[in-house]
Amino acid sequence: TILTTGGDGVWVNNKSSIKTINISPNPATDKVTVEIPGYSENGILTISTISGQELRNIHTKNSKITLDISKLQTGMYIVRFTGNNSTRIGKLVVN
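Remember, predicted model here, so these are calculated numbers, not experimental data.

What counts, and where the lines are drawn
Each residue is numbered by its place in its chain's sequence as written, counting from 1. Note on the predicted model: pLDDT of at least 70 is required for a residue's local features to be given, and 80 or more for side-chain atom pairs to be given and counted; whole-chain, interface and lining totals, by contrast, use all residues. Here the side-chain values reflect all heavy atoms present in the structure, with hydrogen atoms and water set aside. Where helices and strands are cited, they refer to DSSP runs of H or I of at least four residues and of E of at least two residues respectively, numbered from the N terminus. Residue exposure (1.4 Å probe, protein chains only): buried if accessible area is under 20% of the type maximum, exposed if over 50%, otherwise partly exposed. A contact between two residues is defined here by any heavy atoms of the two lying within 4.5 Å. The protein chains shown are the only cover counted for residues, whose accessible areas, like all others here, come from Shrake-Rupley with a 1.4 Å probe. To define a nonpolar core, start from buried Ala, Val, Leu, Ile, Met, Phe, Trp, Tyr and Cys residues and group those joined through side-chain atoms within 4.5 Å. Two strands form a pair only when DSSP identifies at least two bridges running between them. Angles run from 0 to 180 degrees between N-to-C directions of axes, and those axes are lines fitted to C-alpha atoms, restricted for helices to the stretch in contact.

Side note on the overall build of the protein
Within the protein, the secondary structure is distributed over zero helices and ten strands. Ordering the α and β elements of the protein from the N terminus gives β-β-β-β-β-β-β-β-β-β. A buried classification covers 40% of the 95 residues belonging to the protein. Put simply, of all contacts in the protein between residues at least 6 apart along the chain, 54% involve residues at least 24 apart. In the structure as shown, the protein presents an accessible area of about 5700 Å², 45% of it carried by carbon and sulfur atoms.

What follows is the structure, given as structure tokens:
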């Protein structure tokens with residue numbers, strides 16, 4: 001089961017085509033590394049609130065990205081990577 005975000009909020013998505021991404025450390029306070037296994041093409045990494053508000057969009061072609069999250073408030077966030085015919089989603093907890 002995957003939480004999916006969009007303009008109308010968050011919903012459960014059971015599609016097997018959506019894969020997860022690796023986020024570490026998790027929970028975190030200042031920096032996290034996001035890894036998109038097996039992906040090396042251009043894509044967009046999006047950090048959203050649980051209610052679906054997009055906070056950051058990062059264009060990347062790297063499969064491993066370190067992000068500064070020190071300005072995010074304590075809480076849970078959705079990290080989504082969207083590339084060519086691929087969407088990967090993970091949960092980030094900020095302490």
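Concerning the environment of Thr60
In this structure, Thr60 sits in strand E7 (residues 54-60). Residue Thr60 is classed as buried on the basis of its relative accessible area, which comes to 9%. Thr60 sits 19 residues away from Glu41 along the chain, and the two C-alpha atoms are 8.1 Å apart. If we skip the residues at most four places from it in the chain, Thr60 touches Glu41, Asn42, Gly43, Ile65 and Phe81.

Thoughts on the nonpolar core
Residues Val32, Val34, Leu45, Leu67, Ile69, Val79 and Leu92 are the most contacted members of the largest nonpolar core, which totals 19 residues. Of all the elements in the fold, those that place two or more residues in this core are strand E5 (31-35), strand E6 (43-49), strand E8 (64-68), strand E9 (75-83) and strand E10 (86-94). With three residues, E9 is the single largest residue contributor to this core.

Overview of the sheet that holds strand E4 (residues 22-24)
Spatially, three strands are ordered E4-E5-E8 in an open sheet, and the strand pairing comes out antiparallel. Each edge of the open sheet is held by one strand with a lone partner, namely E4 and E8. Each adjacent strand pair in this sheet contributes to an overall mean axis angle of 20 degrees, direction not counted. The sheet contact formed by E4 and E5 spans three bridges and is antiparallel. The partner of Asn22 across the bridge, within E5, is Glu35.

Let's talk about the pairing of E10
When E9 meets E10, the two strands line up antiparallel, connected through nine bridges. Paired with Ile78 across the strands is Lys91, a residue of E10. The hairpin formed by E9 and E10 contains two residues between the paired strands, and Asn85 there has a positive phi angle of roughly 55 degrees.

Side note on the side chain of Ser86
Relative to the helices and strands, Ser86 is located in strand E10. On the basis of relative accessible area, Ser86 is assigned to the buried category, the value being 14%. In this structure Ser86 touches Tyr39 and Phe81, once residues within four positions along its chain are discounted.

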